[in-house]
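Notes for the structure review
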Amino acid sequence: MKTPSSPAGGFSRRGFLLTAGTAAAGAALAWGSPLGETDARAAASGTAGRFARPDVSVAPKFRWWWPDGNVDPAEIRREVDQIADAGFAGAEIAAVHHSISDKSVLDPAGHGWGTPAWVDAVEAALDQAHRRGVTIDLTIGPSWPAAVPTITPDDTAAVKELAYGSVSVAAGATYTGPVPAPVVAPASAVTVQRPILVQAVRTETANSTRKETGLDLSSVQDLTSKVADGQLSWTAPSDGSWLIIGHWERGSAQTPESGPHTVPAAYVVDHFSAAGTRAVTDYWERHILTSDVRRLIGKAGATLFEDSIEIETKALMWTPDLPAEFKKRKGYSVLPYLPAITQNKGDQVFAYEAATTRRIRYDYWDVISQLFNENHLTALRKWAHSIGLEMRCQPYGAQTDAIASAAILDVPEGESIGFHNLDDWRTLAGGRDMAGRKVLSGEMGAYTGGAYNTTWKKFLLTAGGAYAAGLNRSVIHGFSYATAPGVKWPGYAAFTPYGGNIGYAESWGPRQPTWRHIQDISGYLSRLHQVLQSGTPRVDVAIFRQTGYSKTGIGASWFTASGIPLGWTHQFISAPLLDLPNAEVRGGRLAPDGPRYKVVFVEGDHFYNLDCTLQLGVAEKLLKFTRAGLPIVLLGDWSAPVVPGLGSDAENARLRSVVADLIQQPKVKVVAAATDVPAALAALGLTPDVTYAQNSTLLNFHRHDDGADYYYLCNGKHAETVKPPVAAIDHLVSFTRTRENAVPHLLDPWTGDVRRIALYAEDGDKVTVRVALQPGEVMVVALASPGSLGDAPGRAHATSTEAPEVLFADGRLVARATAAGTYATTLSTGRTVRTEIPDVPAPITPASWRLEVEDLRPGASATETETVVHRLTLDTLRPWPDIPELADVSGIGRYTTTVELPRPWTGAYGAYLELGQVFDTCRVTVNGRRLPGVDQINPVVDVGPYLRAGANTITVEVATTLNNRLRVSDPAVYGGASRQAYGLIGPVRVVPYAQAVIA
């Protein structure tokens, strides 16, 4: 296969970008327009136009934190305007006030969640959002989890727990006394607890673990009928030591986070019963959904949102109907097995024989998961649709099948702070894509201790990898309402102070200096969302999970550690997804109208001792799928598989028969070790859609839309913390194209430019280009028919070159270099052309800078800011803390310098502006013209179109966090923070280039 080549060391990220991006625009001044008139019109419309100017519907959103209903509707309208003006799609209203220790100042009785004051503010938000063309998301209750103030812990609709108590009885001894009381007393608000089952069971040392007391399952006796008026008399058999265990059903009295939000107090509802869900919907119908709110939801409402399912209990998570539902769904009674399920403060207490214990626990959580998905998520989604909203939720926190939950929701959501690595995103993405949903949103940017010190660069580094794992809408954490009683400058913040210390990041908004540049950030994210919500996904591998937990960080054998660095992409699926309409095989692909998985990979259950288990129904479907042409790889010993729970002997026998048939099929490979997976894939003739020339930290995600293939690339990392850290990459990457004549384009998410790539190789359905990216840097490559994205069709391109850069400019292929020389280029026609660039001026390092700083300080009130201006002259660039006048300053700095360029310049040269290190965000102006958005991760800008011979004025505007000022203005909270190295630190260079026509 022919591959593009370049000089030793490859060509730079700057060079690659300019091959098809801003450099073509840079040629406009000196060499004419890079696009003809017809092509320019095409670029301004259609796909290219949508990319440059994405619809607001794909823009990011904010979490919008209110101090309950203690808000002013006029201020609410102003904040909607601020969010809309910043280029965001809207906000999610949430009652959150962890930073306020004295909740009484918020008047929960008169201004709590759900009060008329709250409803008036919601109405104002919806109305103003409608006026501004943005949307509002409504959280299901005050803070989280879902709760309402119309129930008590004893009510049927309230969240329940099953507590236990036990007493030891020696062999042959008689116990007479009360049913053993729970080892943990009920919450003070709980007035009713009842024993639903009393058992006797012999202890069994052989079944004990380090933390669990072993029990003998065959010895279990039900003593419930022997209880009278709470008293029990029972004589133990003469063999062994015995326990009497009492199981007590009661409310847990859990309240939503950081309350009270209401008077009376709100209590968390039962998330596993229809009664719990009805309590939520009934409250909304009676207290929140006024005629005006209903009407405005139809105009500006987006989703009903529920945060992660953080059900907290000191006992076992429970719902009163569980015994009956368990019997109906599993075919046997859960009651004899309750001791092995019992929990105390999050820990298991008792155990039967190990395999039995694992399987009963699997069955318990499987039933809990089914009840959650049916009685809560499905019911809420149906109700949300009835009032004009979609259902969005973070469907994890409990040990439930989040993969299946993601398929139920209109918009599943993950979170950057809680997800251990990218495989947590891939669990939810599998559910989304198998169900044919479009969006996987993410609560992004919640960093512990990050309040007022979080940079947008840090945010982008976090989000970059998540986008490669399926995320395609950021809901940013967060935007705080302006003020609340007793808060200090710069205003109310939901999560800081937190316990008296620096809280969670971040309260974005006009209080932040970086808000000056916020449209560059929102535009960048919107363009990524535009691409990642286009068409349908293409994913190489479906990893089948017997247990669909998320927020675990547990990946897939071989694929996570070894497959990703080679270009393989994967998602996780679970049994319920195989019942979806999209679960069919056509052309050897699973879900052919969706992710088009090439292969299903099955291994032992990571959550249950790596047991080789499969549901019988799943095995039968896999057999059907592979007979229809789907490749399958099984890892492990599948000679004697069992069903995951307590299946019958007949069911296990049938499973083994089906699996034995399965592994005999021609498209099924069984491997003993993870290291054997690559050979199995090769034997099946499978390759990923994207392949790398070497093991790489490059991450990718593929979307297909109307014949075009879009590839999102990020030089990222699998987890937030990784050693060694990600380094710059520079290597060849091959992409699969759907259309035979598709050619590569670069889509620049910072500027919106769409340009054809000029240097690439073709081999059948593969197109190979060189990719060079700094750590965390992103690029988007589109393979589309010539002319479809605004480029002129029919151009010859370069397949190899000695030139640092090759690009299309003014309808011609040109070589560009920052040093004089003669460069050979081989064209796609087979011809080799030598191009001479006779001379290039030397790079220029500005000798001095004029710096003007807007120093933001506390004003007369918590929401007022005083600005003090500092003007300095700098001979060398250095961080603000190293400049005495700026040591504790936060704000906005404008660095201005003058660069003299030789004559002739126009028509002869262009130049790059290399900014080096910048803290935090920046914009560039040259000779009074502001440039398009600057890549905030790798700030190298083509300033060619803006330069002229003689004196040129260059201004770099830099915006900071508020950390350095808060250290001294509020030292009780922020005094322990280290100063951040603000400013334009550099080194800064103007690097001239020249170019010459190749063909």
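In case you missed it, the structure is sitting above this.
Presented here is an overview of the structure given in this document. Please read these numbers as outputs of a predicted model, since none were measured by experiment.

Conventions used here
- Residues numbered from 1 in each chain as written.
- Predicted model: local features only at pLDDT ≥ 70, side-chain atom pairs only at ≥ 80, totals over all residues.
- Heavy atoms only, no water.
- Buried < 20%, exposed > 50% of the residue type's maximum accessible area, 1.4 Å probe, protein only.
- Helix = DSSP H or I, 4+ residues; strand = E, 2+ residues; numbered from the N terminus.
- Pairing = 2+ DSSP bridges.
- Salt bridge = Lys/Arg side-chain N within 4 Å of Asp/Glu carboxyl O.
- Polar contact = N/O pair within 3.5 Å; in protein donor to acceptor, adjacent residues only side chain to side chain.

1. Examining the pairing of strand β23 (residues 541–545)
Regular strands have side chains that alternate between both faces of the sheet. Most of β23 sits inside the fold, with 5 of its 5 residues counted as buried. Here β23 shows two buried faces, one formed by Val541, Ile543 and Arg545 and the other by Ala542 and Phe544. With 5 bridges joining them, β23 and strand β24 (residues 570–574) adopt parallel strand pairing. Counted as the bridge partner of Val541 is His570 from β24. Judged from the 4 bridges that link them, β23 and strand β27 (residues 599–602) form a sheet pairing that is parallel. Directly across from Ile543, in β27, lies its bridge partner Phe601.

2. Topic: the pattern of salt bridges
Counted under the stated rule, the structure contains 53 salt bridges. Arg627 serves as the salt-bridge partner of Asp661, at 2.8 Å between the closest nitrogen and oxygen. Of this pair, Asp661 sits in helix α19 (residues 649–662) while Arg627 sits in helix α18 (residues 616–627), and the two are 34 residues apart along the sequence. Assessed through its relative accessible area of 29%, Asp661 is described here as partly exposed.

3. What about the sheet that holds strand β52 (residues 950–959)?
Spatial strand order, β45-β44-β46-β52-β49-β50: 6 strands in an open sheet with antiparallel pairing. Each end of this open sheet is capped by a strand with a single partner; those strands are β45 (865–874) and β50 (929–930). For strand β44 (residues 849–858) and β45, the ladder comprises 10 bridges, and the chain directions are antiparallel. Across the sheet, residue Val853 finds its bridge partner in β45, namely His870.

4. Remarks on the side chain of Thr751
Along the polypeptide, Thr751 turns up in the loop between β34 (743–747) and β35 (754–756). On the basis of relative accessible area, Thr751 is assigned to the buried category, the value being 17%. Only 3.1 Å separates the side chain of Thr751 from the backbone nitrogen of Asp753, close enough to count as a polar contact.

5. A closer look at unusual backbone geometry
Here Gly259 and Pro260 are connected by a cis peptide whose omega angle stands at 5 degrees. Checked against the element boundaries, Pro260 lands in the loop between β11 (242–251) and β12 (267–268). Put simply, Trp489 and Pro490 share a cis peptide bond, and its omega is 10 degrees. Tracing the backbone shows Pro490 in the loop between β21 (473–480) and α16 (518–532). Phi angles above zero are rare outside glycine, and Asp107 is one such case at about 55 degrees. Residue placement: Asp107 occurs in the loop between β2 (90–95) and α6 (108–111). The partly exposed category is assigned to Asp107, whose relative accessible area is 30%.

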